[in-house]
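Structure at a glance
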Amino acid sequence: MSSLPEKQTTSIATSTPDDVFIRDKSLCKELIGKISFTEMIYFQVLGTLPTPAQTAIVDACLVTLMEHGLTPSALATRLIYSSAEEAMQAAVAAGLLAVGSRFVGTTEGAGELLARIVAAGDDGAAEARRIAVAFKSEKKSLPGFGHPFHKPDDPRSPVLLALARQHGIAGAHVRAVELLSREIDAVFGKHITLNATGAIAAVLADAGVPREILRGFALIARSAGLVAHLAEEMDHPLGMPLFLEVDERSRGVRSRGV
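Calculation rules
- Residues numbered from 1 in each chain as written.
- Predicted model: local features only at pLDDT ≥ 70, side-chain atom pairs only at ≥ 80, totals over all residues.
- Heavy atoms only, no water.
- Salt bridge = Lys/Arg side-chain N within 4 Å of Asp/Glu carboxyl O.
- Buried < 20%, exposed > 50% of the residue type's maximum accessible area, 1.4 Å probe, protein only.
- Patch = residues over 30% accessible without salt bridge, like charges linked within 9 Å, V, L, I, M, F, W, Y side chains within 5 Å.
- Areas by Shrake-Rupley, 256 points an atom, 1.4 Å probe, with all protein chains shown as cover.
- Helix = DSSP H or I, 4+ residues; strand = E, 2+ residues; numbered from the N terminus.
- Pairing = 2+ DSSP bridges.
- Axes fitted to C-alpha atoms, helices over the stretch in contact; angles between N-to-C directions.
- Left-handed = near helix turned anticlockwise from the far one by under 90°.
- Contact = heavy atoms within 4.5 Å.

Turning to the pattern of salt bridges, a few remarks are in order. For the coordinates displayed, the defined rule picks out 12 salt bridges. Notably, a salt bridge pairs Arg130 with Asp123, separated by 3.0 Å at the nearest N-O pair. When its relative accessible area of 37% is taken as the criterion, Asp123 is described as partly exposed. A cluster of three or more residues bridged by salt bridges with shared partners is formed by Arg116, Asp123, Glu127 and Arg130.

And the structure:
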């Protein structure tokens, strides 16, 4: 059995009686009032301060990901709050559990596809076509593509891609997502929209965010969005009325012996 190191520690933070240090920077002298929350997120997660361009892109992605309407995550948050009003953290946690392969968390899946295309180098077009062919033959949803409401295009995606170009961030991953989009349209024989999570995967990757942590940025943004749903839930409850409606309908079904 392997033994634990003599001292457990972290390279992220430490403290002294008169200060706190994060990534070797003084929280009180170098961070508070000196950098924004978005810059702090990047610094805390990745260990380096972002450039102004990286900050602008990360900030834009966090704003884009914050709200998605009454998706399963928002409904879960509202329902749990209606059952445990004393535990806001439980309600937010419940909502975050719904960030997965269908909603919001598709940034991660899209990032994996883009990484394959970038890694293929000069063979990127062929790799993009292989991806498109494989998803069509297996009849699987393409992470980062398609939307039930925004058609023919997701209005958020071109804004994010244009912003990445404006700030000089657009690079290999933006090229990869545009290449993949073209190949998908060709293979499927119709236009399939590049949705916001696909665009976000591309611009965040070009801003220096590793694909393995892409979903983490989605979680940060959604946490704020779910708190907003809780604030509304406090004044205009939806969770309890929804539960009561479902309960009433199920009772009606049982009474008819269905």
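Before going further, it helps to examine a nonpolar patch on the surface. On the surface, Leu79, Met240, Phe243 and Leu244 cluster together to form a nonpolar patch covering roughly 340 Å² of accessible area. In terms of residue count, the dominant contributor to the nonpolar patch is helix H12 (residues 239-255) (3 residues). Mapped onto the fold, Leu79 is located in helix H4 (residues 72-83).

What the 3 strands build is an open sheet, ordered E1-E2-E3; its pairing is antiparallel. Edge strands, defined here as strands with exactly one partner in the open sheet, are strand E1 (13-16) and strand E3 (25-26). With 2 bridges joining them, strand E2 (residues 19-22) and E3 adopt antiparallel strand pairing. Paired with Ile22 across the bridge in E3 is Lys25.

Let us look at the packing of helix H6 (residues 106-119) against helix H7 (residues 124-138). Across the interface, H6 lies against H7 with an axial gap of 7 Å and an inter-helix angle of 145°. Pair H6 / H7 crosses with right-handed handedness. Contacts from Leu113, Arg116 and Ile117 in H6 reach Gly124, Glu127, Ala128, Ile131 and Phe135 in H7.

Let's shift gears to the pairing of E2. Both E1 and E2 contribute to a ladder of 4 bridges, which runs antiparallel. Within E2, the residue paired with Ala13 across the bridge is Ile22. Remark: 2 residues form the turn of the hairpin made by E2 and E3, two consecutive strands paired antiparallel; Arg23 in that turn has positive phi of roughly 50°.

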